[in-house]
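So you can see what is in the structure, the chains are spelled out below.
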Amino acid sequence: MLLWLQTNIGTLLVTLALIAVVGAIVGKILRDRRAGRRSCGCGSCADCAACGQCRGE
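Definitions and limits used
Residues numbered from 1 in each chain as written. Predicted model: local features only at pLDDT ≥ 70, side-chain atom pairs only at ≥ 80, totals over all residues. Heavy atoms only, no water. Helix = DSSP H or I, 4+ residues; strand = E, 2+ residues; numbered from the N terminus. Areas by Shrake-Rupley, 256 points an atom, 1.4 Å probe, with all protein chains shown as cover. Patch = residues over 30% accessible without salt bridge, like charges linked within 9 Å, V, L, I, M, F, W, Y side chains within 5 Å. Salt bridge = Lys/Arg side-chain N within 4 Å of Asp/Glu carboxyl O. Buried < 20%, exposed > 50% of the residue type's maximum accessible area, 1.4 Å probe, protein only.

Participant: Just to check I follow, could you spell out the overall build of the protein chain for this structure?
Facilitator: Broken down by element type, the protein chain carries three helices and zero strands. In the protein chain, the succession of α and β elements from N to C terminus is α-α-α. By element, 64% of the accessible surface of the protein chain is carried by carbon and sulfur atoms, the whole surface being about 5000 Å².

See the structure below:
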């Protein structure tokens, strides 16, 4: 087991780093969604040229 761990330590570290980055991105998206912010980036539909596209109205 220790030999396998020594052989694959680089792959394991890169995999853990990627999992952490993806988890942070998903967490940010979920927090933004709960706060009512949308992914299109506009603050209000009154000022947005693409009002009907991002909110499905």
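Participant: Explain a nonpolar patch on the surface here, please?
Facilitator: A surface patch of nonpolar side chains, about 920 Å² in accessible area, is lined by M1, L2, W4, L5, I9, L13, L16 and I19. Mapped onto the fold, L2 is located in helix α1 (residues 2–7).

Participant: Which parts of the structure should I look at to understand the pattern of salt bridges?
Facilitator: Oppositely charged side chains can form a pair if their charged atoms are brought close together. Taken as a whole and assessed by the stated rule, the structure comprises one salt bridge. Of the charged contacts, one joins D32 and K28 as a salt bridge, the two residues approaching to 3.0 Å between their closest N and O atoms. Linking D32 with K28, this pair stays in helix α2 (residues 9–34), spanning four residues, or about one helical turn. Accessibility expressed as a relative area gives 41% for K28, which makes it partly exposed.

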